[in-house]
Amino acid sequence: MPDAKNKSLKKLGKAVNFVFQNTSVYVSVLSLMFITFERWRAITCPLKSPLKATRYIIAGTWVAAMIMSSPEPFTLHLKRAEFRRPNFSTTWGTRCIASWSSETEQQYQIVLTLCAYLSPLLFISVLCLHMRRTLNRCELTIGKRQLANRKKAVRMLMAVVCVFALSYFPVHLHNIAATFDLLSRDSDINWIYVRKLLPRVFSYSSSCLNPLLYNFMCSKFSITMSL
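The rules we used
All residue numbers refer to position in the chain's written sequence, counted from 1. Local features in a predicted model are, by the rule used here, given only for residues with pLDDT of at least 70; side-chain atom pairs are given and counted only at 80 or more, and totals for whole chains, interfaces and linings are based on all residues. Remark: hydrogens and water are excluded; side-chain values derive from all non-hydrogen atoms of the structure. Put simply, DSSP marks the helices as runs of H or I at least four residues long and the strands as runs of E at least two long, and each gets a number from the N terminus on. The buried label applies to any residue whose accessible area, calculated with a 1.4 Å probe on protein chains only, is under 20% of its type's maximum; exposed applies above 50%, and partly exposed to all values in between. Whether two residues touch is decided by their heavy atoms; if any such pair falls within 4.5 Å, the residues are in contact. UniProt positions are given in the numbering used here, feature names are shortened, and annotations may be inferred rather than shown by experiment. A helix is expected to span 1.5 Å multiplied by its residue count minus one. Each residue is assigned a bend, namely the angle between axes fitted to the seven residues that terminate at it and the seven residues that start at it. To form a nonpolar core, buried Ala, Val, Leu, Ile, Met, Phe, Trp, Tyr and Cys residues must be joined to one another through side-chain atoms within 4.5 Å. Pairs were defined over the aromatic rings of Phe, Tyr and Trp, the Trp ring being its six-membered one, requiring ring centres within 6.5 Å. Orientation was assigned from the angle between planes: stacked under 30 degrees, edge-to-face over 60, tilted for the rest. Whenever a helix is involved, its axis is fitted only over the stretch in contact; in every case the axis is a line through C-alpha atoms, and angles between N-to-C directions fall within 0 to 180 degrees. Between 65 and 115 degrees an angle is taken as roughly perpendicular, under 35 as roughly parallel, over 145 as roughly antiparallel, and anywhere else as oblique. Left-handed is the label given to a crossing in which the near helix is rotated counterclockwise from the far helix by less than a right angle, and right-handed is the label when the rotation is clockwise. Note on residue classes: Ala, Val, Leu, Ile, Met, Phe, Trp, Tyr, Cys and Pro are nonpolar, Asp, Glu, Lys and Arg are charged, and everything else, Gly too, is polar.

**Thoughts on the overall build of the chain**
Logical step 1: The number of helices and strands found in the chain is seven helices and two strands.
Logical step 2: Along the chain, from the amino end to the carboxyl end, the secondary structure elements read α-α-α-β-β-α-α-α-α.
Logical step 3: Relative to its 227 residues, the chain shows a buried fraction of 30%.
Logical step 4: For the chain, the share of sequence-separated contacts (at least 6 apart) that also reach a separation of at least 24 residues comes to 70%.

In structure tokens:
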């Protein structure tokens, strides 16, 4: 029975890590890249027909996110969790930890930061700046009202990008610092838990803050939500 329970916990830990902690985050990043690209294409090439294979793009986004998430679940294994307090320590419950070497973990975190944060941020920023440059120079033969609406849409998109950059920066910084053993181990155990939790709260807050941005920066969205 203990072996069966451990196997179930191991599968549950891998599922949570694969679906909720990693895949959902990568889907958000890839979706933001696609939305930015679609908006850029509509502004810089208005005569081209919009992308129609949306369902395939969504499916491809999930497949790509799952591929990016796949290394970690295969390396996780169960270990007894240590519960430490001043003048008291014990083992309680289990936790999943990676079985690969510290060098591999460092390389993985660097690649992950490049692929899931820096590269998408650079890609999105370049497209946003090009859209803003195109609209400010009035290179499009459209009416003033339509031009103003497009500028407003670009400003809202840039605000979403800023929220993305600020929300995901702490978790990537913490992961890099923890992987390269740059964090102090002499801190209080409660502070260590807070230090681990806060960056992840910031990363998930991006999806929570986006509707607030839409409400304040898009009158149509706020009117629709108030109905």
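**Quick notes on the UniProt feature "transmembrane region" (unreviewed entry) in the chain**
Logical step 1: The residues that UniProt annotates with the feature "transmembrane region" (unreviewed entry) are residues 15–35, 56–76, 110–132 and 153–171.
Logical step 2: Helix makes up 100% of residues 110–132 and strand 0%, whereas the separation of the span's terminal C-alpha atoms amounts to 31 Å.
Logical step 3: Split by type, residues 153–171 is 100% helix and 0% strand. Its first and last C-alpha atoms lie 28 Å apart.

**A few points about helix 4 (residues 102–136)**
Residues that lie three or four places apart on an α-helix share one face, since the helix turns once every 3.6 residues.
Logical step 1: Across its 35 residues, helix 4 extends 49 Å between first and last C-alpha, which sits within 8% of the 51 Å expected from 1.5 Å per residue.
Logical step 2: Along its length, helix 4 reaches its greatest deviation from straightness, about 40°, at Leu 114.

**Things to note about the nonpolar core**
Logical step 1: Residues Tyr 26 and Phe 164 are the most contacted members of the largest nonpolar core, which totals 30 residues.
Logical step 2: Of all the secondary-structure elements, those providing two or more residues to this core are helix 1 (2–44), helix 4 and helix 5 (144–179).
Logical step 3: Looking at this core, the element that brings in the most residues is helix 5, giving 11 residues.

**Overview of the packing of aromatic side chains**
Logical step 1: Per the counting criterion, the structure on display carries three aromatic pairs.
Logical step 2: A centroid spacing of 6.0 Å and a plane angle of 40° characterise the contact between Tyr 117 and Phe 164, whose relative ring orientation is tilted. Taken together, the positions of Tyr 117 in helix 4 and Phe 164 in helix 5 put the pair 47 residues apart, joining distant regions of the chain.
Logical step 3: Judged by centre distance (5.0 Å) and plane angle (50°), the ring pair of Phe 164 and Tyr 168 falls under tilted. Of this pair, Phe 164 and Tyr 168 are both found in helix 5, four residues apart, which corresponds to roughly one turn of the helix.
Logical step 4: Here the aromatic residues Tyr 117, Phe 164 and Tyr 168 are joined through ring pairs into a cluster of three or more.

**With respect to unusual backbone geometry**
Logical step 1: For Asp 181, which is not glycine, the phi dihedral falls at a positive 60°.
Logical step 2: Within the secondary structure layout, Asp 181 lies in the loop between helix 5 and helix 6 (189–217).

**A closer look at the environment of Phe 180**
Logical step 1: Structurally, Phe 180 can be placed in the loop between helix 5 and helix 6.
Logical step 2: The class for Phe 180 is partly exposed, based on a relative accessible area of 32%.
Logical step 3: Taking the C-alpha atoms as reference points, Phe 180 and Ser 102, separated by 78 residues in sequence, lie 8.3 Å from one another.
Logical step 4: If we skip the residues at most four places from it in the chain, Phe 180 touches Gln 106 and Ile 110.

**Thoughts on the packing of helix 4 against helix 5**
Logical step 1: Viewed as axis vectors pointing N to C, helix 4 and helix 5 meet at an angle of 165°, and their least axial separation amounts to 10 Å. Classified by the angle their axes make, helix 4 and helix 5 are roughly antiparallel. The two elements helix 4 and helix 5 cross, and the hand of that crossing is left-handed.
Logical step 2: The residue makeup of the contact of helix 4 with helix 5, split by class, is 19 nonpolar, eight polar and four charged.

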